[in-house]
Amino acid sequence: MSLKHTLKESLTFSKKERIGIIFLVPAIVIIAFLPFFQTRPEEAKLSSTDSVWLANANNLQEKNISESSGLTDDPSAPVATSFPTDKTEASYSNPLKGVLFNFDPNTLDAEGFKKLGLRDKTIRTLINYRNKGGKFRRPDDLAKVYGLRQEEFQRLNPYISIQSVTPAGNYYNQTNADKGVDNTGYTPENKPRYLPKTIEINTADISGFESLYEIGNKLATKIVNFRDKLGGFYSVDQVGETYGIPDSTFQKIKAQLKVDAGSIKKININTASYDELNNHPYISAKLAFQVLKQRKEKGNFTAITDIKDLAAQTNDSYERVSKYITVSN
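In this text, all values refer to a predicted model and were calculated from it rather than measured experimentally.

1. A short note on the overall build of the chain
Summing up its helical and strand segments, the chain has 14 helices and six strands in all. For the chain, restricting intrachain contacts to residue pairs at least 6 apart in sequence, the fraction spanning at least 24 positions comes to 51%. On the chain, roughly 22,000 Å² of surface is accessible, and the fraction owed to carbon and sulfur atoms is 56%.

Rendered as structure tokens:
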């Protein structure tokens, strides 16, 4: 028996089998799609229950709104004098606790802030701000602390007494304890809050720069580091070149700066190595290479102006570089 004959017999249905298939296929299709044409009892029950629950919830909400706002259907009913709030909101209206006393937010420890009634989270924010070099220069600065509520600041404000905000003592003692009169006898009407102090930028240390307006520890450190890499400042304007100092800040402190250019450290271009030249902020790698090349080919430089053409070729500023080089033998 051939394979073709075998397959033909296997795939051929008898008359009874064909009749059975004709009735079975529609029955299967009807059963398969039957759930889509009727609502299950459980769903109908759930839908009804949900509708009742939602209606009750809406009625309860309307009742609460009416009671809380003092608006009722009864015109003779008394108007509510207070509004219910959640626990968090209610806590804002609670009387603030703590013992009030004069304090300096720049020196008071965590226990002191705790005694004043501040929360632990706010205390941690205050301490972290100070640990990172932050300072409170005037009482209003305390209001900017993240997490300190307005009512807390208003409560503490009369007792804030900032004794000294900088190592150099650039600021008057500030206090609100006597309604604007501090322990120097001056009032805000007849004295400035800030006393300008001039510093010499080539000898001032980090604390000296910190005494300037809006200059914190980070900016003061950057100024000193930049000065040391240069070998000293020859102009006040160079302070404004320090990376990270906004021009607006520099313009505010510029009048307080003075410079003594006699202390600048200079590089001898007849003996300096490539690294010594290249490490200077005003001398590019190209110029450092050209200086060594010309010195090797033509001998030592006889005048500072000898590198003027080299600086022009490398796009370096001869005016700035010339302040930091010498040709002494």
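2. Examining empty space enclosed by the protein
Within the structure shown, the criterion is met by one cavity of 30 Å³ or more. Space inside the largest cavity adds up to approximately 30 Å³. Lining of the largest cavity is provided by Ile-269, Leu-277, Ile-283, Leu-287, Ala-288, Val-291, Ile-307, Val-321 and Ile-325. With three residues, the single largest contributor to the lining of the largest cavity is helix H12 (residues 285-298). Of the residues assigned to the lining of the largest cavity, the class counts are nine nonpolar, no polar and no charged.

3. Notes on the confidence of the model for the chain
A low pLDDT score tells you not to read the predicted coordinates there in detail. Looking at the chain as a whole, the pLDDT averages 76, with 67% of positions reaching at least 70. The model gives residues 41-47 a pLDDT under 50, and that stretch makes one contact with residues more than four places away or in other chains. Scored below 50 in pLDDT, residues 165-194 shows 66 contacts in the model against residues more than four places distant or in partner chains.

4. With respect to the layout of surface pockets
In this structure, the largest pocket encloses a volume near 210 Å³. Classifying every residue of the lining of the largest pocket gives three nonpolar, three polar and seven charged.

5. Quick look at the pattern of salt bridges
For the coordinates displayed, the defined rule picks out nine salt bridges. With its nearest N and O atoms 3.2 Å apart, the salt bridge here joins Lys-252 to Glu-214. Highlighted residues: Lys-252 in helix H10 (residues 247-253) and Glu-214 in the loop between helix H8 (206-210) and helix H9 (217-230), separated in sequence by 38 residues. Notably, a salt bridge pairs Arg-227 with Asp-228, separated by 3.8 Å at the nearest N-O pair. Taking the relative accessible area as the measure of exposure, Arg-227 reaches 9% and is therefore buried. Judged by relative accessible area, which is 51%, Asp-228 ranks as exposed. Several salt bridges converge on common partners, so that one network encompasses Arg-138, Asp-141 and Lys-144.

6. A closer look at the nonpolar core
With 38 residues, the main nonpolar core has Phe-209, Leu-257, Ile-269, Leu-277 and Ile-307 as its most contacted residues. No other element matches the six residues that H9 contributes to this core. Core analysis: the second largest hydrophobic core is formed by 16 residues, Leu-118, Leu-126, Ile-127 and Ile-162 among them.

7. Here's the deal with the packing of aromatic side chains
For the coordinates displayed, the defined rule picks out six aromatic pairs. Judged by centre distance (5.2 Å) and plane angle (55°), the ring pair of Tyr-129 and Phe-136 falls under tilted. The exposure class assigned to Tyr-129 is partly exposed, which follows from its relative accessible area of 38%. Given a relative accessible area of 2%, Phe-136 falls into the buried group.

8. Observations concerning a nonpolar patch on the surface
Taken together, the side chains of Ile-21, Val-25, Val-29 and Phe-33 define a hydrophobic patch exposed on the protein surface, amounting to about 340 Å² of accessible area. Assessed through its relative accessible area of 48%, Phe-33 is described here as partly exposed.

9. Describing H9
The first and last C-alpha atoms of H9 sit 20 Å apart over 14 residues, in line with the 20 Å expected at 1.5 Å per residue. Structurally, H9 contributes buried residues whose contacts are with H8. Trailing H9 by a residue or two, Gly-231 shows a phi angle of about 105°, which is positive.

Parameters at a glance
- Residues numbered from 1 in each chain as written.
- Predicted model: local features only at pLDDT ≥ 70, side-chain atom pairs only at ≥ 80, totals over all residues.
- Heavy atoms only, no water.
- Helix = DSSP H or I, 4+ residues; strand = E, 2+ residues; numbered from the N terminus.
- Contact = heavy atoms within 4.5 Å.
- Areas by Shrake-Rupley, 256 points an atom, 1.4 Å probe, with all protein chains shown as cover.
- 1 Å grid on protein atoms, 1.4 Å probe; cavity = no way out; pocket = protein on both sides within 12 Å on 5 of 7 lines; lining within 4 Å.
- Points joined across faces, edges and corners; volume = space filled by probe spheres on them.
- Nonpolar A, V, L, I, M, F, W, Y, C, P; charged D, E, K, R; others polar.
- pLDDT = per-residue confidence, 0-100.
- Salt bridge = Lys/Arg side-chain N within 4 Å of Asp/Glu carboxyl O.
- Buried < 20%, exposed > 50% of the residue type's maximum accessible area, 1.4 Å probe, protein only.
- Core = buried A, V, L, I, M, F, W, Y, C linked by side-chain atoms within 4.5 Å.
- Phe/Tyr/Trp six-rings, centres within 6.5 Å; stacked < 30°, edge-to-face > 60°.
- Patch = residues over 30% accessible without salt bridge, like charges linked within 9 Å, V, L, I, M, F, W, Y side chains within 5 Å.
- Expected span 1.5 Å × (residues − 1).

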